[in-house]
Every structure is written in C-alpha cells, then in structure tokens.
Amino acid sequence: TNSSGNIWREQRKFTLSVLRDFGLGTNEMQKLILEEVQTLIERVNNNIDSGIVEHELNKYTEIATTSVVVSI
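Residues numbered from 1 in each chain as written. Predicted model: local features only at pLDDT ≥ 70, side-chain atom pairs only at ≥ 80, totals over all residues. Heavy atoms only, no water.

## Comments concerning the side chain of E36
Here's step 1: Summarising the element assignment, E36 is placed in helix 2 (residues 27-49).
Here's step 2: Discounting chain neighbours no more than four positions away, the residues touching E36 are A64, S67 and V68. (Helix = DSSP H or I, 4+ residues; strand = E, 2+ residues; numbered from the N terminus. Contact = heavy atoms within 4.5 Å.)

## Let's talk about a nonpolar patch on the surface
Here's step 1: Taken together, I33, V37 and I41 make up a surface patch of nonpolar side chains, about 220 Å² in accessible area.
Here's step 2: Tracing the backbone shows I41 in helix 2.
Here's step 3: Using a relative accessible area of 38% as the deciding quantity, one classes I41 as partly exposed. (Patch = residues over 30% accessible without salt bridge, like charges linked within 9 Å, V, L, I, M, F, W, Y side chains within 5 Å. Areas by Shrake-Rupley, 256 points an atom, 1.4 Å probe, with all protein chains shown as cover. Salt bridge = Lys/Arg side-chain N within 4 Å of Asp/Glu carboxyl O. Buried < 20%, exposed > 50% of the residue type's maximum accessible area, 1.4 Å probe, protein only.)

## Observations concerning the environment of S4
Here's step 1: Among the secondary structure elements, S4 is positioned in the segment before helix 1 (6-21).
Here's step 2: Here S4 falls in the partly exposed class, since its relative accessible area comes to 47%.

## With respect to helix 3 (residues 57-71)
Here's step 1: Between its first and last C-alpha atoms helix 3 spans 21 Å; for 15 residues at 1.5 Å apiece the expected length is 21 Å, and the two agree.
Here's step 2: What helix 3 keeps buried is the set Y60, A64 and V68. Down the axis of helix 3, the buried side of the element spans an arc of 70 degrees, and every buried residue falls inside it. Projecting away from the buried face of helix 3 at angles above 90 degrees are the exposed residues N58, E62, V69 and V70.
Here's step 3: Residues of helix 3 that are buried make contact with helix 2. (Expected span 1.5 Å × (residues − 1). Arc of directions from axis to C-beta.)

## Comments concerning the packing of helix 2 against helix 3
Here's step 1: In contact at an axis separation of 10 Å, helix 2 and helix 3 are set at 155 degrees when each is read in the N-to-C sense. Judged by the angle between their axes, helix 2 and helix 3 are roughly antiparallel. Of the two possible hands of crossing, helix 2 and helix 3 adopt the one that is right-handed. On helix 3, the residues touching M29, L32, I33, E36, L40, R43, V44 and N47 of helix 2 are L57, Y60, T61, I63, A64, S67, V68 and S71.
Here's step 2: Of the residues contributing to the contact of helix 2 with helix 3, the split by class is ten nonpolar, four polar and two charged. (Axes fitted to C-alpha atoms, helices over the stretch in contact; angles between N-to-C directions. Parallel < 35°, antiparallel > 145°, perpendicular 65-115°, else oblique. Left-handed = near helix turned anticlockwise from the far one by under 90°. Nonpolar A, V, L, I, M, F, W, Y, C, P; charged D, E, K, R; others polar.)

Treat this as a map of the structure, not an account of what it does.
Below, the structure written as structure tokens:
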C-alpha cells in the first residue's frame, strides 16, 4: 500500500513541514479564518439591513476562502 514504508514517511514529513510553513495549525491561520468569517457575517447582515431577501452565500464563501489562501 501507499500508506507505509520509508517513502511514505518522507512524503508525510515533507508535507507536514510545508503545511506548517504556510501556517497550518497555528493561531495565525485561525486568526485569518476568523477575520474572514466576521467579514462574511457583516456582509450578510448589511444585506439584511438593506432589505435584500436573497443572499449570495456561495459568492461570499468563495471570496472568504480566496482571501485566506491569498493571505497565506
């Protein structure tokens, strides 16, 4: 199988190292995500306050996700 052996261990170690370099598992990543969630909530609340009935949640979610990725 591909989930054991020396090659698998080396790939796993490399992958975890790269992900840590990008901030995965740190408070900084959590901070970025929470900021984007707050922005998404504000956009929805602004729409509600403006009387908009239909909300583009897919669009807002895509923007939030992209913002986190770009921040990395």
